[in-house]
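# Architecture and fold: a report
Take a look at the letters that make up each chain.
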Amino acid sequence: KKLRIALGSVTKESKELLEGVDEMFMKAGFETRLFESYVSMEWTKLITNLLGSTAAITGLSVKDTFGDQELFELEIMALKSRLEIMRAAHIPFAAIPWQKISVLSKAGLLPEKFLRNFRFQIAEIIAQGRNNKPPAAARKIAEGKPTEIMFYHRPIIEFGFRHGLRSPVDEAMFEIISEHEKGLISLASLTTRERKDLLIKKYKKFME
């Protein structure tokens, strides 16, 4: 398989330089894709990495997360909110040809009821790209180590407020991790069911 790399420019000047870099990588045997702006790349990566992020709170695997109807609905609502914020900020979803992620942008436009019918198929597809273990953030929580969760969810929340939009799932996760890291709650001492109940309770709070 060819080595693959995506490049995105920061300024007009860097775009001209990157064209030369792009050519160099192609000559070296890479499959490349050059984007007009790095913002599209970074946000697409963020949206993709956040898929299944509720597993960081519950400690479940991503496959089990999407197999659970309540968590599946939270994940779909989160994806729709994040994509809506991207569109409001005029950030295009990066079409990286060797990654099958363009379907995510389409899933955000489909009715939740329709997607629910394919819950287990979606769970299988997502699990293919990841191992069947809890995410690294969940393992760090169990070990009493700080996580990067707040850094992933903060941009979604901030961009949402900037454009008059909300993402209640991200807000719920941000508050839970904030309380955990301040010592107000201890996720490691809770069962999976208790963590899930806490997540749903926080979500409903932000939906009010």
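Up top you'll find the structure we're talking about.
Residues numbered from 1 in each chain as written. Predicted model: local features only at pLDDT ≥ 70, side-chain atom pairs only at ≥ 80, totals over all residues. Heavy atoms only, no water.

## Points about helix α5 (residues 69–88)
- The end-to-end C-alpha distance of α5, which contains 20 residues, comes to 29 Å, matching closely the 28 Å that a straight helix rising 1.5 Å per residue would cover.
- Phi turns positive, to about 60°, at His90, one or two residues after α5. (Helix = DSSP H or I, 4+ residues; strand = E, 2+ residues; numbered from the N terminus. Expected span 1.5 Å × (residues − 1).)

## Regarding the packing of α5 against helix α12 (residues 192–207)
- Running from N to C, α5 and α12 point in directions that differ by 40°, and their axes come no closer than 11 Å. Compared by their axis directions, α5 and α12 come out oblique. Every pair of crossing elements has a handedness; the one defined by α5 and α12 is left-handed. On the side of α5, the interface is formed by Glu70, Leu71, Leu74 and Met77, while α12 contributes Arg193, Lys196, Leu199, Ile200 and Tyr203. (Axes fitted to C-alpha atoms, helices over the stretch in contact; angles between N-to-C directions. Parallel < 35°, antiparallel > 145°, perpendicular 65-115°, else oblique. Left-handed = near helix turned anticlockwise from the far one by under 90°. Contact = heavy atoms within 4.5 Å.)

## Re the packing of helix α10 (residues 149–162) against helix α11 (residues 168–181)
- Taken N-terminus to C-terminus, the directions of α10 and α11 make an angle of 135°; their axes are 9 Å apart at the nearest point. Comparing their axes, α11 and α10 come out oblique. You can see that α10 and α11 cross each other, and the crossing is left-handed. Note on element contacts: α11 touches α10 through Asp170, Glu171, Met173, Phe174, Ile177, Ser178 and Glu181, opposite Ile149, Met150, His153, Arg154, Ile156, Ile157 and Phe161.

## Side note on helix α2 (residues 38–50)
- Helix length check: α2, at 13 residues, gives a terminal C-alpha distance of 18 Å against a target of 18 Å (1.5 Å per residue), a fit within 8%.
- Along α2, the positions that sit buried rather than exposed are Ser40, Met41, Trp43, Thr44, Leu46, Ile47, Thr48 and Leu50.
- In this structure Ser37 caps α2, since a side-chain oxygen of it lies 3.1 Å from the backbone nitrogen of Val39.
- Gly52 sits one or two residues past α2 and shows a positive phi near 85°. (Buried < 20%, exposed > 50% of the residue type's maximum accessible area, 1.4 Å probe, protein only. Polar contact = N/O pair within 3.5 Å; in protein donor to acceptor, adjacent residues only side chain to side chain.)

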